[in-house]
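# Coordinate analysis (summary)
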Number of protein chains: 4
Amino acid sequence: MIVVLKNEAKPEQIENLKTWLQSMNIGTHISVGVNHTIVGLVGDTSNVDMDLIGSLDIVEKVQRIQEPFKNANRKFHQSRLVVDINGTKIGGGEFQIIAGPCSVESREQICYVAESVKKSGAGFLRGGAFKPRTSPYAFQGLHGEGIELLLEAKKLTGLPIVSEIMNISHLPLFEKVDVVQVGARNMQNFDLLKELGKTDKVVLLKRGLANSIDELLMSAEYIMAGGNENVILCERGIRTFETRTRNTLDLSIIPVLKKLTHLPVVIDPSHALGYSYMVKSMALAATAAGADGLMIEVHNNPSKALCDGAQSLTPEAFDDVAKAVFQIRPFACKFE
Amino acid sequence: MIVVLKNEAKPEQIENLKTWLQSMNIGTHISVGVNHTIVGLVGDTSNVDMDLIGSLDIVEKVQRIQEPFKNANRKFHQSRLVVDINGTKIGGGEFQIIAGPCSVESREQICYVAESVKKSGAGFLRGGAFKPRTSPYAFQGLHGEGIELLLEAKKLTGLPIVSEIMNISHLPLFEKVDVVQVGARNMQNFDLLKELGKTDKVVLLKRGLANSIDELLMSAEYIMAGGNENVILCERGIRTFETRTRNTLDLSIIPVLKKLTHLPVVIDPSHALGYSYMVKSMALAATAAGADGLMIEVHNNPSKALCDGAQSLTPEAFDDVAKAVFQIRPFACKFE
Amino acid sequence: MIVVLKNEAKPEQIENLKTWLQSMNIGTHISVGVNHTIVGLVGDTSNVDMDLIGSLDIVEKVQRIQEPFKNANRKFHQSRLVVDINGTKIGGGEFQIIAGPCSVESREQICYVAESVKKSGAGFLRGGAFKPRTSPYAFQGLHGEGIELLLEAKKLTGLPIVSEIMNISHLPLFEKVDVVQVGARNMQNFDLLKELGKTDKVVLLKRGLANSIDELLMSAEYIMAGGNENVILCERGIRTFETRTRNTLDLSIIPVLKKLTHLPVVIDPSHALGYSYMVKSMALAATAAGADGLMIEVHNNPSKALCDGAQSLTPEAFDDVAKAVFQIRPFACKFE
Amino acid sequence: MIVVLKNEAKPEQIENLKTWLQSMNIGTHISVGVNHTIVGLVGDTSNVDMDLIGSLDIVEKVQRIQEPFKNANRKFHQSRLVVDINGTKIGGGEFQIIAGPCSVESREQICYVAESVKKSGAGFLRGGAFKPRTSPYAFQGLHGEGIELLLEAKKLTGLPIVSEIMNISHLPLFEKVDVVQVGARNMQNFDLLKELGKTDKVVLLKRGLANSIDELLMSAEYIMAGGNENVILCERGIRTFETRTRNTLDLSIIPVLKKLTHLPVVIDPSHALGYSYMVKSMALAATAAGADGLMIEVHNNPSKALCDGAQSLTPEAFDDVAKAVFQIRPFACKFE
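Residues numbered from 1 in each chain as written. Chains lettered and ligands numbered in written order. Predicted model: local features only at pLDDT ≥ 70, side-chain atom pairs only at ≥ 80, totals over all residues. Heavy atoms only, no water.

This part is about the overall build of chain A. On a plain count of helices and strands, chain A comes out with ten helices and 14 strands. In chain A, which comprises 336 residues, the proportion classed as buried is 66%. Restricting to contacts in chain A with at least 6 residues of sequence separation, those with at least 24 account for 68%. Summed over all atoms, the accessible surface of chain A reaches about 11500 Å², with 47% contributed by carbon and sulfur. Charge centroids of chain A, computed over 36 positive and 38 negative side chains, lie 3 Å from each other. (Helix = DSSP H or I, 4+ residues; strand = E, 2+ residues; numbered from the N terminus. Buried < 20%, exposed > 50% of the residue type's maximum accessible area, 1.4 Å probe, protein only. Contact = heavy atoms within 4.5 Å. Areas by Shrake-Rupley, 256 points an atom, 1.4 Å probe, with all protein chains shown as cover. Lys, Arg positive; Asp, Glu negative; His and termini not counted. Charge placed at Lys NZ, Arg CZ, Asp CG, Glu CD.)

Structure (structure tokens):
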């Protein structure tokens, strides 16, 4: 961290700043320039409050040089993370499609969809048992029963399963769930992240609608700081002024994350856009850009889906998308 | 809800739509126009998925006419809500300042600040014991001990206290806390909201950084649907492209909420802006616009605050702001 | 357009509304429902002010059903527009890369870059002679001399050229320029658009940083309403809260525009992102998503570029990107 | 400007950087720290491209310390600008309301409104003769005739007039117009700004929908760099995700601009919000926050206004707002 002092900073004020930083175990390297005095902070500055230092009377500007995340930082991980669930791998060159309905609705539905998407080449089955809905009057999921049905579909097809957790007290229900998803609305539910950090569950962490890429990495850091290094990051759109799409899918997160972190990156075009007619185009774009995986909503009868039907594909439409994705994948952007 | 059908919709397709809506207990009123056929939905449409209907092949557009919130809706509440905590009232013409430090740090600190802000006219003491911080390495609050210290300050000054809850399992610690705050990052932590809906706690609900005013009201609805009608709404800035302020304080929420709901509206300029030099100007603006209250950060030594010091006022600066606020309050905008 | 009236609307008020609409040559079709009376507007509603109608005392809501753009509307154009410049085609299945430096700096520079990008397969040469710069103290372009140098490079390579116009009085200088670019900051400089509508120039219209897709189409409509139908649309990023990229590249504009209009769609990842390391990934994404073309900045010596060097590729890096783009193009998303 | 170099930067690379900067007349002050080497740039860095330096291989980060605007900078202006038009003053403690219709429609209309708003205490009359409309099919203003009618209303009432210019070729028509407005869509029409900088016209410059406060100041700098120092800045809302208001009125611009510049700041709640019911609340807020003036739309018959009627006040409603504004003004926030 670099602190630029105002011209009028007095020696005793600079001395006070040094002393205060030392009380936080931060050393200082001071260089007096023509126009400004610059203080370089030496040591672990990841918990130094930039805004606070910037508010001091004698300070002109503050700039962080090191990223405030460590466990999620590419600099400290020579090889990219490959998540391996009984042989199904994602990350570090391994690509997967996660497919399935927004909500688990019935045994018939989830088993039918699971078999369909497996045939089309999906590597994971997704399905919501606990659904975060804007309205308290909307369908909230089948809860424990939904998890049971997912496990049946897993047994039937062999596909590892992904499902969203909304409350840490539900963790026992997720014992046999392969990947626990943290939704966009809970990306900064820090208590939930901390608890997941104490488990050995693979966590799929979705970016919040108004969260920066750095904040997404800091939330991954919450999980990883607890000892759980199995985190998959997922982009599902950010909120902007545009209304022709539900959210704006920020695909540039792919090269940015590939530079900053070793964690796998998955793109969810279904939730980001909200309309099924855009899914194929954006699934191909995400694949070409170098994503490690896709998350796509598939429903046997979108018009009757209990939630988010507008963005679901039929199994037939998904098959068409998956074919195109696997065809384009060999030509995708590669990262060191 | 109004559904506009495409010209090419066939009679049997329209019949199917009718039948499907009936299965959700929604009646229909169909009118055939020159260019379009319009279907009016009759009944409780608050849990009908607009996006799903919009995605049907025969549908051109969908529009919601009724707001999807009921308990929080002004239409069903003739008089505005006045929250009354042992005689300290807020809402419906009663105005209060909630003041105190971002985090409770020590007995000395919280008691000193409490006495100072009380002298300046604050009606509530705020202080964080559980702190949502972007970084897992930043100070996370004193937890139970922080609540204890707040209660001591309450005993000393008589000020009712406001503190943030991050995890429903901590609820027992909040037994004597007068107002339980739900922070911006948890505005759509629906499980937390539902549990608070089962209590009789006054809840101060902060708007999320990327949440619309309607979503704020839907989150209030989650609490109120459980039977707890004591909800105070709080604006603390939304995320935009502007970088001279931490967030953009959306003061137009005041007239909008005054039209849509009977719940009290509080403005937090300290968190929204991130710099103490702007607080006075925005506190006066919020008061003039007709807010029911302000939430302002005050710290005895902002340069040493363990978190968010940059935005805190000293007790002296707060006294100046409070004087100006009380002076301008009689000339504020009034709403029916 | 559909106007939903409030329950309390009186017959004489409805009659007044009808009369007023008739004075604008808009017919009405009124249907009285159980809860609401609905007025369907018949005729050309493209110049009816929705906000104004929405503000009338008796009106609950207003919804536009037809898009307010006509000339740019896919519904009225069976086949997609193919822009053909002496045999170099873009749109309707024809794909091109437009490449070149941000600013024309010297004969040597522009000729070297032109020959390089031609060798790599670019179909158009771009180069700025008039540069919109945030600061009045920054390099503003070589103006007329820049155009002359572009024409020399065109003569040398045969590549048609693209250059930005900032002021309609400069139009005579653009006589031999093949494609006239309207930059993001001038997307709603309506006087400039109108004048270009009176010419037969091909216009490449860039989306403004805060403009919706519909507004982009309305600006195309300004040009087309004047009789000039040769408009190419270009996405170059929208402004959001994210700071790891200069702007957020909204690739979902591709399927949206393909649905709404017959005009070609070009993506400019260089300006959108601001850093050259992301260009390859996003160029591949845009191609896969089904764009009709790419606009990519190439400079012989990015570190010495007079403007926007940070986002430029070297000719060697561009060659690598172009190869990958042409390789992936056959597998791109196709639209009816 | 401070440039932080990477650890791996070699001495000869640093030497090259120094030489390159010297070629732009920028001196350097290099200090070698424990972890990083820091280069301080000495001289006028306002035209140094930060992004370009940041893209160099050896550079870790770049930070600007001085603002890139000079003429508009508070640091170089001891006293705040007071614009004085024949005795009607705005800025530096002088407060004015600018009121009038969106568009001039007829002699009767503009004269009636002018007399009404004068009676209510407005200091300026506004009225559009050239209207920037999203649709080419919407009413575009009376042009020269509109200016004539405004001048008649000025003669009748003595109110100085404000009107928008969209095209520099129209400047002769504005000879007797007291304040020339540059609209939000033209805030970065740099050619227009430069030409206005050569005149002695008072310019009211509106912030663009997606423009930062710093960009607004840079656009003022364009005008002032030409020698015209009479610039009034105006906030009229920025574009965000919120849909209950047309735009989000960013009132925190008031304390920010008061810190950064000596130029007067005017707030336009009518255009920002789009609905007349919010105007009073936000007019009071802007006044309390310390704005130098307000711009408010007033129309004799809002329901028949040819544009933007939804946001206009009747003369009676304006009178009520103006009374409340003048009553609250003495208690507004003051700045040094």
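On to the packing of aromatic side chains. Under the counting rule described, the total for this entry stands at ten aromatic pairs over all chains. On the basis of an interplanar angle of 20° and a centroid distance of 4.5 Å, the ring pair of Phe190 of chain B and Tyr222 of chain B is categorised as stacked. Of this pair, Phe190 of chain B sits in helix H5 (residues 190–197) while Tyr222 of chain B sits in helix H6 (residues 213–225), placing them 32 residues apart in sequence. The pair Phe190 of chain B / Tyr222 of chain B is uniform in exposure class, with both members buried. When the ring centre of Tyr277 of chain C is taken as reference, the NZ or CZ atom of Lys259 of chain A above it lies at 4.3 Å. (Phe/Tyr/Trp six-rings, centres within 6.5 Å; stacked < 30°, edge-to-face > 60°. Lys NZ or Arg CZ within 6 Å of the ring centre and 35° of its normal.)

All names here are of chain C. Read across the sheet, four strands follow the order E2-E3-E1-E4 without closing on themselves; strand pairing throughout is antiparallel. Strands with a single pairing partner mark the edges of an open sheet, and in this sheet they are strand E2 (27–32) and strand E4 (59–63). Each strand axis lies, on average, 20° off the axis of its neighbour in the sheet, ignoring direction. This element, helix H1 (residues 11–22), spans strand E1 (2–5), E2 and strand E3 (37–42) of the sheet and lies at about 155° to E2. (Pairing = 2+ DSSP bridges. Axes fitted to C-alpha atoms, helices over the stretch in contact; angles between N-to-C directions.)

What follows deals with the packing of helix H6 (residues 213–225) of chain C against helix H7 (residues 253–260) of chain C. All names here are of chain C. Here H6 crosses H7 at 50°, and the two axes come no closer than 11 Å. By the angle class used here, H6 and H7 are oblique. Relative to H7, the crossing made by H6 is right-handed. Contact residues: H6 offers Ile213, Leu216 and Leu217, while H7 offers Ile253, Val256, Leu257 and Leu260. Class assignment of the residues belonging to the contact of H6 with H7 gives a composition of seven nonpolar, no polar and no charged. (Parallel < 35°, antiparallel > 145°, perpendicular 65-115°, else oblique. Left-handed = near helix turned anticlockwise from the far one by under 90°. Nonpolar A, V, L, I, M, F, W, Y, C, P; charged D, E, K, R; others polar.)

This part takes up the environment of Leu263 of chain B. Residue and element names in this part refer to chain B. Mapping Leu263 onto the fold places it in the loop between helix H7 (253–260) and strand E13 (265–267). Leu263 sits in the buried class, given a relative accessible area of 0%. In the structure, Leu263 is positioned 190 residues away from Asn73 in sequence and 8.7 Å away in space, judged by C-alpha atoms. Leu263 has contacts with Ala72, Leu81, Ala220, Met224, Glu229, Val231 and Leu233, leaving out every residue within four places of it along the chain.

Counting from both sides, the interface comprises 21 residues of chain D and, opposite them, 21 residues of chain A. Carbon and sulfur atoms make up 63% of the surface buried where chain D meets chain A, a total of about 1800 Å² over both sides. Here chain D is connected to chain A by zero salt bridges. At the boundary of chain D with chain A, the tally comes to zero residue pairs in polar contact (both at pLDDT 80 or more). (Buried area = accessible area lost by both parts, 1.4 Å probe. Salt bridge = Lys/Arg side-chain N within 4 Å of Asp/Glu carboxyl O. Polar contact = N/O pair within 3.5 Å; in protein donor to acceptor, adjacent residues only side chain to side chain.)

Take the relation of the copies chain D and chain A next. Under the fitted operation, chain D is carried onto chain A by 0.1 Å of movement along the axis and a turn of 180°, and the coordinates agree to an RMSD of 0.1 Å. In short, the pair behaves as if placed about a two-fold rotation axis. Looking at the rotation axis and the C-alpha trace of chain D, the residue lying nearest is Phe241 of chain D, at 2.2 Å. Of the interface residues in chain D, 100% have counterparts in chain A that sit at the interface too, so the contact is made through matching surfaces. (Least-squares fit on C-alpha atoms with pLDDT ≥ 70 in both.)

With 48 residues of chain B at the contact, the number on the chain A side is 48 residues. Where chain B abuts chain A, roughly 4000 Å² becomes buried across the two surfaces, and 53% of that area is made up of carbon and sulfur atoms. Counting across the interface, chain B meets chain A through two salt bridges. Put simply, Arg239 of chain A and Glu215 of chain B hold a salt bridge, and the shortest N to O gap is 2.6 Å. Viewed at the interface, chain A and chain B are joined by 20 residue pairs in polar contact (both at pLDDT 80 or more). Elements represented by at least two residues in the side of chain B that touches chain A include exactly helix H2 (50–54), H5 and H6 of chain B. The element best represented in the side of chain B that touches chain A is H6 of chain B, accounting for five residues. Classifying every residue of the side of chain B that touches chain A by side-chain character gives 19 nonpolar, 16 polar and 13 charged.

Glancing now at the relation of the copies chain B and chain A. Overlaying chain B on chain A yields an RMSD of 0.1 Å, the required transformation being a rotation through 180° with an accompanying axial translation of 0.1 Å. When the interface residues of chain B are mapped onto chain A, 100% of them are again interface residues, pointing to one common binding face.

Summarising the element assignment, Arg244 of chain D is placed in the loop between strand E12 (231–235) and helix H7 (253–260). For the pair Arg244 of chain D and Gly274 of chain D, spaced 30 residues apart in sequence, the C-alpha separation works out to 9.4 Å. Not counting residues within four places of it along the chain, the set of residues in contact with Arg244 of chain D comprises Glu67, Ile213, Asp214, Val256 and Leu260 of chain B together with Tyr275 and Met278 of chain D.

Residue and element names in this part refer to chain D. In a regular helix each residue adds 1.5 Å, so 14 residues correspond to 20 Å; helix H4 (residues 144–157) covers 20 Å between its end C-alpha atoms and thus fits that length. Looking only at H4, the buried set comprises Gly146, Ile147, Leu149, Leu150, Leu151, Ala153 and Thr157. In this structure, the buried residues of H4 make contact with helix H3 (107–119), strand E8 (124–126) and strand E9 (161–164). Residue Gly158 follows H4 closely and has a positive phi angle near 80°. (Expected span 1.5 Å × (residues − 1).)

On to the pairing of strand E12 (residues 231–235) of chain B. Residues and elements named next belong to chain B. Of all five residues in E12, five are buried, a share of seventy percent or more. The alternating pattern of E12 places Val231, Leu233 and Glu235 and Ile232 and Cys234 on opposite faces, both of which are buried. Summarising the sheet, strand E11 (residues 202–206) and E12 pair through four bridges and their orientation is parallel. Paired with Val203 across the strands is Val231, a residue of E12. As a crossover connection, the stretch from E11 through H6 into E12 is right-handed. As paired strands, E12 and E13 are joined by three bridges and run parallel to one another. (Right-handed = clockwise from strand over helix to strand, strands pointing away.)

What follows concerns the confidence of the model for chain A. Scored by pLDDT, chain A has a mean of 91; 97% of the residues are at 70 or more. The ipTM, which scores confidence in the relative placement of chains, is 0.92 for this predicted complex, and the corresponding pTM is 0.92. (pLDDT = per-residue confidence, 0-100.)

Take the sheet that holds strand E2 (residues 27–32) of chain A next. Across a sheet, strands are paired by hydrogen bonds formed along the backbone, either parallel or antiparallel in direction. Residue and element names in this part refer to chain A. Reading across from one edge, E2-E3-E1-E4 is the order of the four strands in this open sheet, with antiparallel pairing throughout. Two strands lie at the open edges of the sheet, namely E2 and strand E4 (59–63), each paired on one side alone. Neighbour-to-neighbour, the strand axes of the sheet open up by a mean angle of 20°, direction not taken into account. Its contacts with the sheet place helix H1 (residues 11–22) against strand E1 (2–5), E2 and strand E3 (37–42), and it is angled at close to 155° to E2.

A few words on helix H7 (residues 253–260) of chain A. Taken across its eight residues, H7 of chain A has seven buried, putting it largely inside the fold. Those residues of H7 of chain A lying buried are Ile253, Ile254, Pro255, Val256, Leu257, Lys258 and Leu260 of chain A.

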